[in-house]
Amino acid sequence: MATVRLSFSPAPVHVRTARLVGVAVARRAGVREDLLDEVRLAIGEACTRAVALHHQYGLAEPVLVEMSDSGAYAVRVVDRAPIEAGLGLAALNADELANEALTDEALTTGVGFALLAGFVEDLQVRPVAEGVGTEVRMVWPIGR
């Protein structure tokens, strides 16, 4: 399968659609049934975080979600919020994100990252290569 791309206006109502599409693509890609709840929760959390950041910064640009199954099932959620919205948490690995002490300003990003670190073993958070924003990349193994 190629890459499935979904973009949506930063409204909470669209997060449910992203979760449903993400799980459907995961199932078709061959992700084990016992991992599908984790996929659903992780995609929902990453998209909710992106929508919250767009609202916080008054951004009308769409949130981007890309799903692919090249060797594993990978989901990429991209927001367009200023990189400082990550408050330095983007440089931390999943274990550090899960244990990071969070300030009030970090609640939108930090709590989301901590939850994602609990759902996804292969989690990467980094600035987007093509401009302003953050990319949350999550990967699950394919195989039944």
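Counting of residues starts from 1 at the beginning of each chain's written sequence and follows it residue by residue. This being a predicted model, a pLDDT of at least 70 is required before a residue's local features are given, and a value of 80 or more before pairs of side-chain atoms are given or counted; all residues contribute to the totals for chains, interfaces and linings. Excluding hydrogens and water, the side-chain figures rest on all heavy atoms present in the structure.

Some remarks on the overall build of the chain
Phase 1: On a plain count of helices and strands, the chain comes out with four helices and five strands.
Phase 2: Helices and strands in the chain line up, N terminus first, as β-α-α-β-β-α-α-β-β. Numbering of helices and strands starts at the N terminus; helices are DSSP runs of H or I of at least 4 residues and strands are runs of E of at least 2.

A look at the environment of A74
Phase 1: Here A74 is to be found in strand β3 (residues 73-79).
Phase 2: Partly exposed residues are those whose accessible area sits between 20% and 50% of the maximum for their type, while under 20% is buried and over 50% is exposed, using a 1.4 Å probe and protein chains only. Since its relative accessible area comes to 9%, A74 is described here as buried.
Phase 3: For the pair A74 and M138, spaced 64 residues apart in the sequence, the C-alpha separation amounts to 5.6 Å.
Phase 4: Residue contacts are counted whenever heavy atoms from the two residues lie within 4.5 Å of one another. Look past the residues within four positions of A74 in its chain and what remains in contact with it is E66, M67, S68, R137, M138 and V139.

Here we look at the sheet that holds β3
Phase 1: A pair of strands is considered paired only if DSSP assigns at least 2 bridges between the two. Reading across the sheet, the five strands line up as β1-β2-β3-β5-β4 and stay open at both edges, with antiparallel pairing between neighbours. Each edge of the open sheet is held by one strand with a lone partner, namely β1 (4-8) and β4 (122-127). Across this sheet, the average inter-strand angle for adjacent strands is 15°, counted without regard to direction.
Phase 2: Note that strand β2 (residues 63-68) and β3 share five bridges and pair antiparallel. When the sheet's bridge partners are listed, V65 is paired in β3 with V77.
Phase 3: Orientation is described by axes fitted as lines to C-alpha atoms, over the contacting stretch for helices, and by angles from 0 to 180 degrees between their N-to-C directions. Set on the sheet, helix α1 (residues 13-29) makes contact with β1, β2 and β3; between it and β1 the angle comes to about 175°.
Phase 4: Its contacts with the sheet place helix α2 (residues 36-56) against β1, β2, β3 and β5 (134-140), and it is angled at close to 15° to β3.

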